[in-house]
Amino acid sequence: MSTERLYSLRMRAAQGGAHEEGGLHISGGEKLGVEEEIETLVGRLLDKALHHSRGTADFINLVIERVDASNCSVLSPLTVSTYKVSDYRAGRQKAVTQLRELSVSETAIMNAFNILSSAQNIRGAILLDSQSGERLDTRGDRGVRVSRMDWDQEQYASWIRRHPQFDSPRIAEALALATKVVHAQGTVAELCWSDDPDYVTGYVASMTKGYCRITHLKEEGDLSGGRVFFVSPGTSISGYVEYLERSLVWIG
Ligand code: PML
Ligand code: MG
Ligand code: MG
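All of these numbers come straight from a predicted model, not from anything done at the bench. (Residues numbered from 1 in each chain as written. Chains lettered and ligands numbered in written order. Predicted model: local features only at pLDDT ≥ 70, side-chain atom pairs only at ≥ 80, totals over all residues. Heavy atoms only, no water.)

Further remarks concern the overall build of the protein. Helix and strand content of the protein: 6 helices and 12 strands. For 252 residues, the compact-globule formula gives about 18 Å, and the C-alpha radius of gyration of the protein, at 17 Å, lands near that figure. When the backbone C-alpha atoms are referred to their principal axes, the protein occupies close to 50 × 40 × 40 Å. Excluding contacts between residues fewer than 6 apart, the proportion of contacts in the protein whose partners are at least 24 apart in sequence is 71%. Charge separation in the protein, taken as the distance between the mean sites of 28 positive and 33 negative side-chain charges, equals 3 Å. (Helix = DSSP H or I, 4+ residues; strand = E, 2+ residues; numbered from the N terminus. Rg over C-alpha atoms; globule rule 2.2 N^0.38 Å. Contact = heavy atoms within 4.5 Å. Lys, Arg positive; Asp, Glu negative; His and termini not counted. Charge placed at Lys NZ, Arg CZ, Asp CG, Glu CD.)

Moving on to the sheet that holds strand β10 (residues 210-214). Read across the open sheet, the 6 strands follow the order β5-β10-β9-β8-β11-β6; overall the sheet is mixed. Of all strands in the sheet, those bounded by a partner on one side alone are β5 (80-83) and β6 (125-129). Neighbour-to-neighbour, the strand axes of this sheet turn through a mean angle of 20°, independent of strand direction. Of the strand pairs in this sheet, strand β8 (residues 187-193) and strand β11 (residues 226-231) are connected by 6 bridges, and their pairing is antiparallel. Bridging across to β11, Thr-187 finds its partner in Val-231. Contacting β6, β8 and β11, helix α6 (residues 237-246) runs over the sheet at an angle of about 135° to β11. (Pairing = 2+ DSSP bridges. Axes fitted to C-alpha atoms, helices over the stretch in contact; angles between N-to-C directions.)

Right, let's talk about helix α5 (residues 169-182) for a bit. Residue pairs three or four apart in sequence face the same way in an α-helix, which turns once every 3.6 residues. Over its 14 residues, α5 runs 20 Å from end to end, which matches the ideal 20 Å to within 8%, given 1.5 Å per residue. In terms of burial, α5 is a largely internal element, 11 of the 14 residues being buried. Taken together, the buried positions of α5 are Ile-171, Ala-172, Ala-174, Leu-175, Ala-176, Leu-177, Ala-178, Thr-179, Lys-180, Val-181 and Val-182. (Expected span 1.5 Å × (residues − 1). Buried < 20%, exposed > 50% of the residue type's maximum accessible area, 1.4 Å probe, protein only.)

Attention now moves to the coordination of the magnesium ion (ligand 3). Note on the magnesium ion (ligand 3): its protein donors are Asp-195 (OD) and Asp-196 (OD). The metal-donor distances range over 2.3 to 2.4 Å. Here the magnesium ion (ligand 3) and the magnesium ion (ligand 2) are spaced 3.4 Å apart. What makes Asp-196 buried here is its relative accessible area of 7%. (Donors = N, O, S within 2.8 Å, 3.2 Å for Na, K, Ca; no water.)

This paragraph deals with helix α2 (residues 88-101). Taking 1.5 Å of rise per residue, 14 residues should cover 20 Å, and α2 covers 20 Å from first to last C-alpha, within 8% of that figure. Those residues of α2 not exposed but buried are Tyr-88, Gly-91, Arg-92, Ala-95, Val-96, Gln-98 and Leu-99. Along α2, the residues classed as buried sweep out an arc of 165° about the axis, all on the same side. What points out from α2, more than 90 degrees from its buried face, is the exposed set Arg-89 and Glu-101. Among the structural elements, β5, α3 (106-118), β8, β9 (202-206), β10 and β11 are those in contact with the buried residues of α2. Its side-chain oxygen at 3.2 Å from the backbone nitrogen of Arg-89, Asp-87 defines the N-terminal cap of α2. Just downstream of α2, Ser-103 is the residue with a positive phi angle, here 70°. (Arc of directions from axis to C-beta. Polar contact = N/O pair within 3.5 Å; in protein donor to acceptor, adjacent residues only side chain to side chain.)

Another aspect to go through is the environment of Pro-77. Relative to the assigned elements, Pro-77 resides in the loop between β4 (72-75) and β5. Classification of Pro-77 as buried rests on a relative accessible area of 18%. With 103 residues separating them along the chain, Pro-77 and Lys-180 place their C-alpha atoms 8.8 Å apart.

This paragraph deals with the site of ligand 1. Around ligand 1, the neighbouring residues are Arg-170, Ile-171, Cys-192, Ser-194, Tyr-199, Thr-201, Tyr-203, Tyr-211, Arg-213 and Arg-227. Note that an oxygen atom of ligand 1 is positioned 2.5 Å from one of the side-chain N or O atoms of Arg-170. A distance of 2.8 Å is found between an oxygen atom of ligand 1 and a side-chain nitrogen or oxygen belonging to Arg-213. Summarising the interface, the protein chains cover 90% of the accessible area of ligand 1, which totals 340 Å² for the free molecule. Among the elements of the structure, α5 and β10 are those that each provide at least two residues to the shell around ligand 1. When its residues are assigned to classes, the shell around ligand 1 shows 5 nonpolar, 2 polar and 3 charged. (Near = heavy atom within 4 Å. Areas by Shrake-Rupley, 256 points an atom, 1.4 Å probe, with all protein chains shown as cover. Nonpolar A, V, L, I, M, F, W, Y, C, P; charged D, E, K, R; others polar.)

Fair warning: the whole summary comes from geometry, so function is off the table for now.
The structure is reproduced here in structure tokens:
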């Protein structure tokens, strides 16, 4: 675990100009690393931005910020399970059942599916009240960008040795994000599927059920996707967003 001269790296890439000028969101990524790792991490983020199934980026925003390494928490990755389903309809039904079991209301579930299946250009997460289903953030297409979390590299190597079937940067990144999100005070569950047209597996994450992958949550070729966080009624949204965007979390 790195404790000195630690940097947060945040990338977002778009096509057709910057996101704020109407460009199409291509990809985003976040990493933590010490000074000597920055070049490598920047390389990985640029590679992700420039070789993407959503298109070729012509706008890349990369922010590298020194962060206070003394103030961090360490979270164990959520337990991962995979539900194999034959198509996205069965997958969505599975996700609905899980969200119901987590006491997310029918309205909130319906709103989440409507948002994710029509969203083609949201780069962060949408916050929904887990009971009323109302949208709680005021970020528009920007959404809430969870950052300042990453795997401890040694812990990741050991985790992968125990879970070789999950050896992919995409799963590593999504699991790190979901682990941070689920530990935020106020999170009831997260529902996610990728906005990449060639990746149809998504997940429902929660404290009680862990990270439950569902092999189909959309059809191949579909550009829709993103993340919805279901939040308990009465949660302070400014504190919630502050934790997701600013607090430092090592996964391991
Ligand atoms: C993404 O690609 O942005 C999200 C991927 C979510 C699912 C990853 C997995 O297969 O567990
Ligand atoms: Mg993404
Ligand atoms: Mg994506």
